[in-house]
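# Coordinate analysis (summary)
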Amino acid sequence: MKRALGGLLTILIFVLVSMATGEHPVYLSKAEIDYDQGANRLEIALELFPDDLSDALSKQEGRTIEIGTDFEADHATTYIHAYLKEHFKFKINGREKEFRYLGREIQEDRLTSLWVYLEVPHITRLKSLALRNSILIHHQEEQRNYVLFRENKKGKYKRHVATRGGEELVLK
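Bear in mind the structure is a predicted one, so any value in this text is a computation, not a measurement.

### Digging into the nonpolar core
Counting 38 residues, the largest nonpolar core has I33, L42, I80, L84, F88 and F90 as its most contacted members. Those elements giving two or more residues to this core turn out to be β1 (28-36), β2 (41-48), α2 (50-61), α3 (76-87), β3 (88-92), β6 (112-120), β7 (129-133) and β8 (144-151). Counting residues per element, this core draws most heavily on α3, at 5 residues.

### Thoughts on the environment of S54
Note on placement: S54 falls in helix α2. We classify S54 as buried; its relative accessible area is 7%. C-alpha separation for the pair S54 and Y79, spaced 25 residues apart in sequence, amounts to 9.7 Å. Dropping the residues within four chain positions of it, S54 is found in contact with I65, E66 and I67.

### Examining the sheet that holds strand β5 (residues 100-108)
A sheet is described by the order of its strands in space; here 6 strands give the open sequence β5-β6-β2-β1-β8-β9, paired in mixed fashion. The sheet terminates laterally at β5 and β9 (158-162), the two strands that pair on one side only. Taken over all neighbouring pairs, the strand axes of this sheet differ in orientation by 20° on average, direction set aside. α3 rests against β2, β5 and β6 of the sheet, and its axis sits at about 115° to β5.

### Considering the packing of α2 against α3
Two elements in contact, α2 and α3, have axes whose closest approach is 11 Å; the angle formed by their N-to-C orientations is 85°. Here α2 is positioned roughly perpendicular relative to α3, judged by the angle of their axes. Packed against α2, whose contacting residues are L53, A56, L57, Q60 and E61, the element α3 presents Y79, I80, Y83 and E86 at the interface. Residues that form the contact of α2 with α3 fall into these classes: 6 nonpolar, 1 polar and 2 charged.

### Here we look at the pairing of β8
Each regular strand shows side chains that alternate between the opposite faces of the sheet. Relative to β8, β1 runs parallel, the two sharing 8 bridges. When the sheet's bridge partners are listed, I33 is paired in β8 with F149. Bridge analysis of β8 against β9 gives 5 bridges, and the strand direction is antiparallel. Residue pairing in the sheet places L148 in a bridge with R159 of β9.

### Things to note about the environment of I123
By the secondary structure assignment, I123 is in the loop between β6 and β7. Taking the C-alpha atoms as reference points, I123 and Y35, separated by 88 residues in sequence, lie 8.8 Å from one another. Apart from residues no more than four positions distant in its own chain, I123 is found in contact with Y35, N40, R41, L42, I92 and K97.

### Examining unusual backbone geometry
Phi at H122 is positive, roughly 65°, even though this residue is not glycine. Looking at the secondary structure, you find H122 in the loop between β6 and β7. In this structure, L136 is a non-glycine residue whose phi angle is positive, near 60°. Examined against the element boundaries, L136 turns out to sit in the loop between β7 and β8.

### Details of α2
Its 12 residues give α2 an end-to-end C-alpha distance of 16 Å, which sits within 8% of 16 Å, the value for a rise of 1.5 Å per residue. Every buried residue of α2 is accounted for by P50, D52, L53, S54, A56, L57 and S58. As for α2, its buried residues are in contact with β2, α3, β5 and β6. Looking one or two places after α2, you find G62, whose phi comes out positive at around 75°.

What counts as what
Residues numbered from 1 in each chain as written. Predicted model: local features only at pLDDT ≥ 70, side-chain atom pairs only at ≥ 80, totals over all residues. Heavy atoms only, no water. Core = buried A, V, L, I, M, F, W, Y, C linked by side-chain atoms within 4.5 Å. Buried < 20%, exposed > 50% of the residue type's maximum accessible area, 1.4 Å probe, protein only. Helix = DSSP H or I, 4+ residues; strand = E, 2+ residues; numbered from the N terminus. Contact = heavy atoms within 4.5 Å. Pairing = 2+ DSSP bridges. Axes fitted to C-alpha atoms, helices over the stretch in contact; angles between N-to-C directions. Parallel < 35°, antiparallel > 145°, perpendicular 65-115°, else oblique. Nonpolar A, V, L, I, M, F, W, Y, C, P; charged D, E, K, R; others polar. Expected span 1.5 Å × (residues − 1).

Quick look at the structure:
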C-alpha cells in the first residue's frame, strides 16, 4: 500500500512540476471525425497542444512562430492550414480529398489546447476512409495521434492511434 501511494505521489509531483514549468508530460493530438451522411460531409475537430505546434512550425520556418499567445504570428492561421495539409491527409472511397479549414480556438482547462475545425464536403456515400496523420510525429519522438471515428454521430467512436512514421489508418 505504501509503495502504491509513493508511486502515485511521484507521478502527481511530476505532473504538477511539468504544469508549473509550462511543459506537459505527454505528446498527443486527438482527432474526432464524424461522418454526417445527411450533410454529406466529414466533420473534424482536432485537438493539439499549441506549444508543440509552435515549436514544429518554428523549426520548419526557421523563425519563431507563436500560436495561441499574445505574441501570435501574423499569419498563424496560414501556417497552421499549410502544416495540416501536409500532415493530415484523407483518402475517401480510394481518392485523396482535401479538407476545408473552418477555424480554430484556444481552450484553457488544466492545459492549454488548440482546437482546429475542418470538414471534407461533398461525400454522398462513404464506402472507405483512410487517414494519414503524421502531425508532430517527426517533431516529438513520444508523439501519439489518437483518431476517433463514427458515422452519423451515433454510437461510440472507434479509436485508432497513429504513431511514429504516420502510417495510414483505415477508418472504414
